[in-house]
Amino acid sequence: SGFFFLLGLELKREIAGGEMRNPTQIALPIVGAAGGIVMSALVFYAFNHADAFALKGWAIPTATDTAFALGIIMILGKRVPASLKIFLVTLSIIDDVCAILIMAIFYSGHLSAMSFMVAAAATLGLSALNLAGVNKKACYVILGMILWASVLKSGVHATLTGVVAAFFIPLKAKRMRARC
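Calculation notes
Residues numbered from 1 in each chain as written. Predicted model: local features only at pLDDT ≥ 70, side-chain atom pairs only at ≥ 80, totals over all residues. Heavy atoms only, no water. Helix = DSSP H or I, 4+ residues; strand = E, 2+ residues; numbered from the N terminus. Expected span 1.5 Å × (residues − 1). Buried < 20%, exposed > 50% of the residue type's maximum accessible area, 1.4 Å probe, protein only. Arc of directions from axis to C-beta. Contact = heavy atoms within 4.5 Å. Core = buried A, V, L, I, M, F, W, Y, C linked by side-chain atoms within 4.5 Å. Axes fitted to C-alpha atoms, helices over the stretch in contact; angles between N-to-C directions. Parallel < 35°, antiparallel > 145°, perpendicular 65-115°, else oblique. Left-handed = near helix turned anticlockwise from the far one by under 90°. Nonpolar A, V, L, I, M, F, W, Y, C, P; charged D, E, K, R; others polar. 1 Å grid on protein atoms, 1.4 Å probe; cavity = no way out; pocket = protein on both sides within 12 Å on 5 of 7 lines; lining within 4 Å. Points joined across faces, edges and corners; volume = space filled by probe spheres on them.

Engineer: When you look at helix H7 (residues 113-131) in this model, what are you seeing that I'm missing?
Structural biologist: Think of an α-helix as 3.6 residues a turn; residues three or four steps apart then line up on the same face. Over its 19 residues, H7 runs 27 Å from end to end, which matches the ideal 27 Å to within 8%, given 1.5 Å per residue. Along H7, the residues classified as buried are Ser115, Ala119, Ala122, Gly125, Leu126, Leu129 and Asn130. Burial along H7 is one-sided: seen end-on, the buried residues are contained in an arc of 135°. Exposed and facing more than 90 degrees away from the buried side of H7 are Ala113, Met114, Met117, Leu124 and Leu131.

The structure is reproduced here in structure tokens:
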């Protein structure tokens, strides 16, 4: 969740005022992520079509197809243009969120409605803090931890909470500071 929290903060910054502020610039990473998910599943199927047990793992490559590209970018560092880094990070986040949703839909056995309600309440709390201009990190950390625990207990992988929580963290301090 920590890795995805940092990726979520970076994505929020780029959407709010960076290279991804124009919705048309997000379209290409969305199409790329969708293509990566579909192609990964099709390649997996092509290699495993004869094995019914192996076919149950079709969603695994949908979550790992961008990890290699991100690793190469990190190794190359400053030699990779910032626009390519932003594109791949955005594609990776979209891809991983979709993969988590796929796994939640197709691989979750027991889902807890109560945990989902707690997660929704924590998300609404994060939104309310943001709208009220609260800048105290502790308030966000407490609600973020409640969100993480409730999503984990819901039966869905909690990795997604890092991205969700990041979108509610204020990017810049506002003049009026509210308390939590």
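Engineer: Even after reading the chapter, I still don't get helix H8 (residues 137-154), so can you show me in this structure?
Structural biologist: When the terminal C-alpha atoms of H8 are compared, their 25 Å separation across 18 residues agrees well with the 26 Å that a helix rising 1.5 Å per residue should span. Of the residues making up H8, those classed as buried are Cys139, Tyr140, Leu143, Gly144, Leu147, Ser150, Val151 and Ser154. Angularly, the buried residues of H8 cover 135° about the axis, an arc narrow enough to put them on a single face. Projecting away from the buried face of H8 at angles above 90 degrees are the exposed residues Lys137, Ile142, Met145 and Lys153. For H8, the secondary structure elements touched by its buried residues are H7 and helix H9 (160-166). Phi turns positive one or two residues past the end of H8, at Gly155, with a value near 105°.

Engineer: Is there a simple way to explain the nonpolar core in this structure?
Structural biologist: Inside soluble globular proteins, nonpolar side chains tend to come together where they are buried. Counting residues in hydrophobic clusters, the biggest one holds 16 residues, and the most contacted among them are Leu126, Leu129, Val134, Tyr140, Leu147 and Val151. For this core, the element with the highest residue contribution is H8, accounting for five residues. Once residues within four sequence positions are removed from consideration, Leu126 is found in contact with Tyr140, Leu143, Gly144, Leu147, Ala165 and Phe168. Residues Leu11, Leu70, Leu88 and Ile93 belong to the second largest nonpolar core, which totals ten residues.

Engineer: What exactly am I supposed to notice about the packing of helix H1 (residues 2-17) against helix H6 (residues 82-107) here?
Structural biologist: When two helices pack together, you describe them by how their axes are tilted relative to each other and by the distance separating the axes. Orientation of H1 relative to H6, taken along the N-to-C sense of each, is 120°, at an axis distance of 10 Å. With respect to H6, the axis of H1 lies oblique. Once H1 is placed against H6, the crossing between them reads as left-handed. Listed contacts from H6 to Phe4, Leu7, Gly8, Leu11 and Glu14 of H1 are Ile86, Val89, Thr90, Ile93 and Asp96. A class-by-class count of the residues in the contact of H1 with H6 yields six nonpolar, two polar and two charged.

Engineer: What's the story with the layout of surface pockets in this structure? I'm lost.
Structural biologist: A probe as big as a water molecule, rolled over the atoms, marks out the empty space that is left. Space inside the largest pocket adds up to approximately 410 Å³. Along the wall of the largest pocket there are 20 residues; nearest its centre are Phe5, Lys137, Tyr140, Val141 and Ile169. Those elements that place two or more of their residues in the lining of the largest pocket are H1, H8 and H9. Per element, the largest residue contribution to the lining of the largest pocket is seven residues, and it comes from H8. Its residues placed into classes, the lining of the largest pocket shows twelve nonpolar, six polar and two charged. Put simply, the second largest pocket is a space of about 160 Å³. What lines the second largest pocket is a set of 13 residues, among which Ala99, Ile100, Met103, His157 and Thr159 lie closest to the centre. Ranked by the residues each element gives to the lining of the second largest pocket, the list is headed by H6, at six residues.

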